[in-house]
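Examination of the molecular architecture
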Amino acid sequence: MKYSKQLLPIFLLLLAAIIFNSCKPKNAGSAVSSDAASKSYVAPGKYDEFYNFVSGGFSGQMSVYGLPSGRLLKVVPIFSVDPEKGYGYSEETKPMLNTSHGFVPWDDQHHLDLSQTNGEIDGRWIFANANNTPRVARVDLTTFRTSEIIELPNSAGNHSSPFITENTEYVVAGTRFSVPPDDVNGDVPINSYKQNFKGYISFISVGKEDGKMDIAFQLKCPGVNFDLSHAGKGKSHGWFFFSCYNSEQANTLLEVNASQRDKDFIMAVNWKKAEEYLKAGKGRKQSVKYAHNVYNEKSHTATSEIKTEVTVLDVSELKDICYMIPCPKSPHGCDVDPTGEYIVGSGKLAALIPVFSFTKMQKAIADKAYDGEYEGIPVIKYESALHGEVKKPGLGPLHTEFDGRGNAYTTFFVSSEVVKWSIQDLKVLDRVPTYYSVGHLCIPGGDSKKPNGKYLIAYNKITKDRYLPTGPELAQSAQLYDISGEKMQLILDFPTIGEPHYAQAVAADLIKNKSVKFFKIEENTNPYVSKGEGTTKVVRAGNKVDVYMTCIRSHFSPDNIEGIRAGDEVYFHVTNLEQDWDVPHGFAIKGANTGELLIMPGETQTLKWIAEKPGIFPFYCTDFCSALHQEMQGYLRISPAGSNVPLTFSTGTNMPKADTTKTL
Ligand code: RUQ
Ligand code: CUA
């Protein structure tokens, strides 16, 4: 019929509109509870109740927010240079970004995990992963600065990382990309994946007192993609759980070829067993290369050491370390409830959420209730480990956190929502829309034994119409929900830095009173420190010039420097003499092609600067530090190479001369 033929395209359009809109939550924009403003309002001058540490994704940094206000408190540079703070630009911090590939100024930071004692957050450190060039960092929560970074050999795409055991015995990191091990010739055809590619998992020990990291051992595992993980806790302490996808071991077009099997796996790792094998000398020493970088808060200087050996346990030879639990379908999040009994696997392509029972899994192992092996690892029968399935929870489950009241909260990327369900009876209790396409979520302490189930924060990938447009890229976003009642209530949106993935939150009380206010100048062991203006100097050795400089409100010493020659390599070692909270000084000099220095009270930092051509080069303080901040400045004179202008430096004595020898 002519009539219906004309209408067909319109019907199709309508249908498409219905399908498209069904993925957009209803009542978008109006789903805010009426008392939202009062719930997220923190009056001027009042502190927030929680710190929220949010990964920066492709920015490589971590940002710190106050909750419930959503106020941005700090951006902590970890894996990317930060000209704002001089991180990666000052000579002292450059070694932090050293790797076996040399200096790496950027990375992709996804997951954060706070240190724990007895399964509870202890507020000492937060660990961060670098995805691209595999590394794990430790940030000290007394200084909010990166203290240590360790690189991971035999790894690529350090995604399943960094997740910690309940006493911070280990920070654990699983490789996303399986690759040929570092000590063999990796020049193999890509389609020899099945024979040659392996997945390594690193157990990084953490010093009880000082937090110092070291790779205790690595597990050589089948060549799959390890996606995410969490430690067992309580009754499952001693175990670790990893989601893995690409059990098909595809090496091309993974969106199709790694979605073939009905089920991939959760890999359960008995790390106490691995420790026994290690003690029994079953590890193989493998020669590798990885950087270990440590920042010393006394010398205010980082050092980078290249290490050359790691101990590897092969889990296909050493039985009883690893077990595979089938998990539908390309699992992403792998989360363990506060009791340690339940393990939740979130299959991105699955229409249900399987919840596994640790007790049943142990029984299945004892009974050898296996469905054969995968690459030499026993596969536990799905039903034997299963506590139950959450039916029809939503589309595209990603991550789950817990409130400590028996409820779990799972994010759904495709259907843009957070769904609350009961762990015991697996019933869906509530669902709220997110705006839009939520990835991770966080409840304060939500992956510990003691969650604080007051708030839930959803971290969204797409914000479409939520904020004023800012060109092609829009702000990524966090959304705060009050989950203290039966129903979840949206109370706040706030934009984030970079792309937020995992986040952690903790009661402010656990951290705020431990904050370092300044560094004691008498404890400063930087080799270039000047502990007072009387010891400042400028020293030439060939064409290398060291300027030992101090700053205090509101001048530098020296502030007049002459006798620098074109081509000189000048190092400004600037010590901030202040001994008071919140009085950093900055240092910048014209033409500097690095970042600035931002020097904390009591600290010494060094800027390398090449004297380019004859002229006068002003320098100044970049951080508004006093009423006379704008007077905090100085001049450096460059003369031609080979000139005999004597090297002089002074503060307050190089006064105007009437008989200037040379005017322009
Ligand atoms: S992963 S959503 Cu690293 Cu879920 Cu980000
Ligand atoms: Cu020092 Cu401004």
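Since this is a predicted model, take the numbers as computed values, not measurements. (Residues numbered from 1 in each chain as written. Chains lettered and ligands numbered in written order. Predicted model: local features only at pLDDT ≥ 70, side-chain atom pairs only at ≥ 80, totals over all residues. Heavy atoms only, no water.)

**Thoughts on the confidence of the model for the protein chain**
- Mean pLDDT over the protein chain works out to 94, with 94% of the residues at or above the 70 mark.
- Ranking the elements of the protein chain by mean pLDDT puts helix α1 (residues 2-22) last with 39 and strand β8 (residues 135-140) first with 99.
- The low-confidence segment residues 1-29 (pLDDT under 50) makes 17 contacts with residues lying over four places distant or belonging to another chain. (pLDDT = per-residue confidence, 0-100. Helix = DSSP H or I, 4+ residues; strand = E, 2+ residues; numbered from the N terminus. Contact = heavy atoms within 4.5 Å.)

**Focus: the environment of Arg540**
- Relative to the assigned elements, Arg540 resides in strand β35 (residues 537-541).
- Classification of Arg540 as partly exposed rests on a relative accessible area of 23%.
- Remark: the alpha-carbon pair of Arg540 and Arg135, spanning 405 residues in sequence, is separated by 38 Å.
- Not counting chain neighbours up to four residues away, the residues in contact with Arg540 comprise Val545, Gly563, Ile564, Arg565, Asp568 and Leu647.
- Here Gly542 takes part through its backbone oxygen, which lies 3.0 Å from a polar atom of the side chain of Arg540.
- Only 3.0 Å separates the side chain of Arg540 from the backbone oxygen of Gly563, close enough to count as a polar contact. (Buried < 20%, exposed > 50% of the residue type's maximum accessible area, 1.4 Å probe, protein only. Polar contact = N/O pair within 3.5 Å; in protein donor to acceptor, adjacent residues only side chain to side chain.)

**Some details on a nonpolar patch on the surface**
- Together, Leu395, Phe413 and Val414 make up an exposed nonpolar region whose accessible area comes to about 240 Å².
- Tracing the sequence through the fold places Val414 in the loop between β27 (407-412) and β28 (417-422). (Patch = residues over 30% accessible without salt bridge, like charges linked within 9 Å, V, L, I, M, F, W, Y side chains within 5 Å. Areas by Shrake-Rupley, 256 points an atom, 1.4 Å probe, with all protein chains shown as cover. Salt bridge = Lys/Arg side-chain N within 4 Å of Asp/Glu carboxyl O.)

**Some details on the sheet that holds strand β32 (residues 477-482)**
- The strand order across the open sheet built from four strands is β30-β31-β32-β33, with neighbouring strands paired in antiparallel fashion. Two strands bound the open sheet, and with one partner strand each, they are β30 (438-442) and β33 (489-495). For this sheet the average axis-to-axis angle between neighbouring strands, irrespective of direction, equals 25°.
- Relative to β32, strand β31 (residues 455-460) is paired through six bridges, and the arrangement is antiparallel. Within β32, the position partnered with Tyr459 by the bridge is Ala478. (Pairing = 2+ DSSP bridges. Axes fitted to C-alpha atoms, helices over the stretch in contact; angles between N-to-C directions.)

**What to know about the environment of Gly602**
- Tracing the chain through its elements places Gly602 in the loop between β41 (597-599) and β42 (604-610).
- The sequence separation of Gly602 and Glu523 amounts to 79 residues, and the corresponding C-alpha distance is 8.5 Å.
- Excluding residues within four positions of it along the chain, Gly602 makes contact with His300, Phe519, Ile521, Asn524, Asn576, Glu578 and Gln579.

**Observations regarding the environment of Asp568**
- Within the fold, Asp568 resides in the loop between β38 (560-565) and β39 (569-576).
- Note: C-alpha distance between Asp568 and Tyr245 (323 residues apart in sequence) is 55 Å.
- In this view, Asp568 contacts Arg540, Asn543, Val545, Trp609, Ile610 and Ala611; residues no more than four positions away in its chain are not counted.
- At 2.6 Å, the side chain of Asp568 forms a polar contact with the side chain of Arg540.

**Digging into the pattern of salt bridges**
- For the structure on display, the rule yields 33 salt bridges.
- Note that Arg135 and Asp107 form a salt bridge whose closest N and O atoms lie 2.8 Å from each other. On the criterion of sequence distance, the pair formed by Arg135 in strand β8 and Asp107 in the loop between β5 (102-103) and β6 (112-117) is long-range, its members being 28 residues apart.
- Residue Arg135 is classed as buried on the basis of its relative accessible area of 1%.
- One network of salt bridges, in which partners are shared, links Asp35, Lys39 and Asp482.

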